[in-house]
Amino acid sequence: MGDESAYEPIQVQIIENEPTSRMVDGNLEVDQPDGGVVIQFNPQSATPETDENTENFYRNLAGEIGESELLTIANELCEAVQADDGSRQESLANRTKGMDLLGLQLEEPKSGDGQTQMDGMSVVTNPLLLDAVLKDWANAQAEFLPAEGPCKVEDFATDPQQGQDELAEAFERDMNFYLTSIDTSYGPETSHMLLWGRGFGGAGIKKVYTDPFKKRPTTVEVDVKDFIVSDATKDLKSCERITHQISMRQSTMKRMMMRKFYIETALTPPTGTVNAVDEKIADIQGVSNSKARPEDQPYTLWETQCELDLDGFAPKEYKGKGIPLPYLVTMDKDSQKILAIRRDWKPEDEECERKR
C-alpha cells in the first residue's frame, strides 16, 4: 500500500443542463436535458388570479355580490337590452313579411268585395323565393353535413413530420364520431340554421357551450328572433352587448338552481314572450303560441355578454382603474333578477378580451 497523501483528490463536477423555455405562437416550449421538447398549449399565467382552477375561475359570482349592487346591475342591463330589442323591431317586421312571400300559408279565396276581377278567385303566391331557399339549403347541407361527417382536417405545415398524417386522420375520425354519435343535436341544429338562418334570413348563428346536465360541449342553433343586438352593430366582436333570449321550462329552472348553476331566488310567475316572428310562425302552422296552463309557461331568460365594472373580481392590474371587463350575465326577464354572473375571458388572457 502506498501513501494515500501522495494521491491528489479527484473533484467531480456534475453540470446539469437547466431546461430553457420560450413562448411560440402562444404555446410554452420547454427544452429537456435529453434533447426533447415539452410543449404546453395555452399555458396559464402565474398570477394569483389565474392560479385558481378553471372551474373556480368561471364560478357564479352573483352569490358573492350584494343585493343592492345586483339590483343596480339588473336595472341598467335590462334597460340596455330593451333598447337593443327595440332597435331591431323593423328587422323582425321585414322577416315577417318575407314569410308571407314564401307562400306557405293557406289563404281563403277572395270574394264578395266587388273590386276583384272575379269573385271567388284563388289567391296564389309565386313560389320563386321558397324554391331558391330550398335549393340553397340542399346545397349547403350537402357541404356542411356530409354522410361521413362534417369535420375535415388539413395540415398546412411546410415541414411535415413523421406520423402527422396519422394523427390528423385520427383526430378527424374522433371528431366526426363525436358530432354524429354523441352530440346528436349537431346535425338537426345545423340543418335548421342553414335553412331558416342562412338560407332565408341571411345569417346563421350557432352557440357552443358546456351543458350542465350532459357535462359535455353541446351545439345549438340560435334563431335570429332570439338573438338581440343593437341595430348599429357592424361587428359582433366589438359590439357592446350580445344577448341570447332563452326559453326555459319551470322544471329545468328548478334543476339549474338545485345544481348551483343559478343562484336560488324567488321569481315571478312567467308570462312568456312573443314577437312578430313567433306570431307569424304560429299563424302559418295553425297553432297557438301561448300555453293554456300557467304551470306550462316557460321562463324567458336573457343571457348577455356585456361589460361590467366589478372591481372585486378583476385582475390585480385592473383593480381601482374603473375599467369594465367582459362578463356573462343571465337574468330573468319578467322579474328582472340576476341568476348568474361569470367571467367572460380566458384565465390566461392578460388583455381580458371577451370570449367568442
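Please read these numbers as outputs of a predicted model, since none were measured by experiment.

Draft legend 1. Highlighting the overall build of the protein. Along its length, the protein carries 9 helices and 10 strands. In the protein, which comprises 356 residues, the proportion classed as buried is 32%. Of all intrachain contacts in the protein linking residues separated by at least 6 positions in sequence, the fraction that spans at least 24 positions is 61%.

Draft legend 2. Quick look at the confidence of the model for the protein. On average, residues of the protein carry a pLDDT of 84, and 85% of them reach 70 or more. This model gives residues 44-51 a pLDDT under 50, and the stretch forms 17 contacts once residues within four places in sequence are excluded.

Draft legend 3. Seen up close, the sheet that holds strand β10 (residues 337-343). Ordered by their spatial adjacency, 5 strands build an open sheet running β6-β7-β8-β9-β10, and the pairing between neighbours is antiparallel. Pairing within the sheet leaves two strands with one partner each, and these edge strands are β6 (227-228) and β10. Here strand β8 (residues 299-308) runs beside strand β9 (residues 325-332); their pairing, made up of 8 bridges, is antiparallel. Residue pairing across strands places Glu307 opposite Pro326, the latter belonging to β9. On top of the sheet, helix α8 (residues 250-258) reaches β7 (242-248), β8 and β10; it is set at about 110° to β7, its chief contact.

Draft legend 4. How the structure looks around the packing of helix α4 (residues 89-101) against helix α9 (residues 276-285). Close contact between α4 and α9 brings their axes to 8 Å; oriented N to C, the two are set at 15°. Between α4 and α9, the crossing angle belongs to the class labelled roughly parallel. Here α4 and α9 pass one another in a crossing that is right-handed. Contacts between α4 and α9 pair Leu92, Arg95, Thr96, Met99 and Asp100 from the former with Ala276, Val277, Lys280, Ile281 and Ile284 from the latter. Taken together, the residues of the contact of α4 with α9 sort by class into 6 nonpolar, 1 polar and 3 charged.

Draft legend 5. Region of interest: the nonpolar core. Counting 26 residues, the largest nonpolar core has Leu308, Leu310, Tyr327, Val329, Ile338 and Ile341 as the members making the most contacts within it. Those elements giving two or more residues to this core turn out to be α3 (67-87), β8, β9 and β10. The element contributing the most residues to this core is α3, with 6 residues. Ranked by size, the runner-up nonpolar core spans 11 residues in total, among them Met257, Tyr262, Leu339 and Ala340.

Draft legend 6. Inspection of the pairing of β7 at higher detail. Counting buried positions along β7 yields 6 of 7 residues, so the element is predominantly enclosed. Sheet topology places β7 next to β8; 7 bridges connect them, and they run antiparallel. Its bridge partner being in β8, Ile246 is matched across the sheet by Leu301.

Draft legend 7. Just the packing of α4 against helix α7 (residues 186-201), in detail. Relative to each other, α4 and α7 sit at 100°, their axes nearing to 12 Å. If you check the angle between α4 and α7, you find them roughly perpendicular. In contact with Arg95, Gly98 and Met99 of α4, α7 contributes Trp196, Phe200 and Gly201. Tallied by class, residues from the contact of α4 with α7 come to 3 nonpolar, 2 polar and 1 charged.

Draft legend 8. Structural context of a negative patch on the surface. Together, Glu154, Asp155, Asp165, Glu166 and Glu169 give the surface a local cluster of negative charge. Mapped onto the fold, Glu166 is located in helix α6 (residues 164-182).

Draft legend 9. Structural view of the packing of aromatic side chains. By the definition in use, this model includes 5 aromatic pairs. Relative to Tyr58, the ring of Phe57 has its centre 5.1 Å away and its plane inclined at 85°; by these criteria the two rings are edge-to-face. With a centroid separation of 5.5 Å and an interplanar angle of 80°, the aromatic rings of Tyr327 and Trp345 are classed as edge-to-face. Of the two residues, Tyr327 is situated in strand β9 and Trp345 in the segment after β10; the sequence distance between them amounts to 18 residues. According to the relative accessible area criterion, Trp345 is buried, its value standing at 2%. Here the aromatic residues Phe57, Tyr58, Tyr327 and Trp345 are joined through ring pairs into a cluster of three or more. It is Lys207 that lies over the ring of Tyr209; its NZ or CZ is 5.1 Å from the centre.

Draft legend 10. Region of the structure containing a positive patch on the surface. On the surface, a cluster of positive charge is contributed by Lys215, Arg249, Arg255 and Arg259. For Arg259, the location among the structural elements is in the loop between α8 and α9.

Draft legend 11. Up close: the environment of Thr300. Relative to the elements of secondary structure, Thr300 occurs in strand β8. Thr300 sits in the buried class, given a relative accessible area of 6%. Leave out the neighbours within four places in its chain, and Thr300 touches Gln245, Ile246, Gly272, Thr273, Met331, Asp332 and Lys333.

Cut-offs and rules
- Residues numbered from 1 in each chain as written.
- Predicted model: local features only at pLDDT ≥ 70, side-chain atom pairs only at ≥ 80, totals over all residues.
- Heavy atoms only, no water.
- Helix = DSSP H or I, 4+ residues; strand = E, 2+ residues; numbered from the N terminus.
- Buried < 20%, exposed > 50% of the residue type's maximum accessible area, 1.4 Å probe, protein only.
- Contact = heavy atoms within 4.5 Å.
- pLDDT = per-residue confidence, 0-100.
- Pairing = 2+ DSSP bridges.
- Axes fitted to C-alpha atoms, helices over the stretch in contact; angles between N-to-C directions.
- Parallel < 35°, antiparallel > 145°, perpendicular 65-115°, else oblique.
- Left-handed = near helix turned anticlockwise from the far one by under 90°.
- Nonpolar A, V, L, I, M, F, W, Y, C, P; charged D, E, K, R; others polar.
- Core = buried A, V, L, I, M, F, W, Y, C linked by side-chain atoms within 4.5 Å.
- Patch = residues over 30% accessible without salt bridge, like charges linked within 9 Å, V, L, I, M, F, W, Y side chains within 5 Å.
- Areas by Shrake-Rupley, 256 points an atom, 1.4 Å probe, with all protein chains shown as cover.
- Salt bridge = Lys/Arg side-chain N within 4 Å of Asp/Glu carboxyl O.
- Lys, Arg positive; Asp, Glu negative; His and termini not counted.
- Charge placed at Lys NZ, Arg CZ, Asp CG, Glu CD.
- Phe/Tyr/Trp six-rings, centres within 6.5 Å; stacked < 30°, edge-to-face > 60°.
- Lys NZ or Arg CZ within 6 Å of the ring centre and 35° of its normal.

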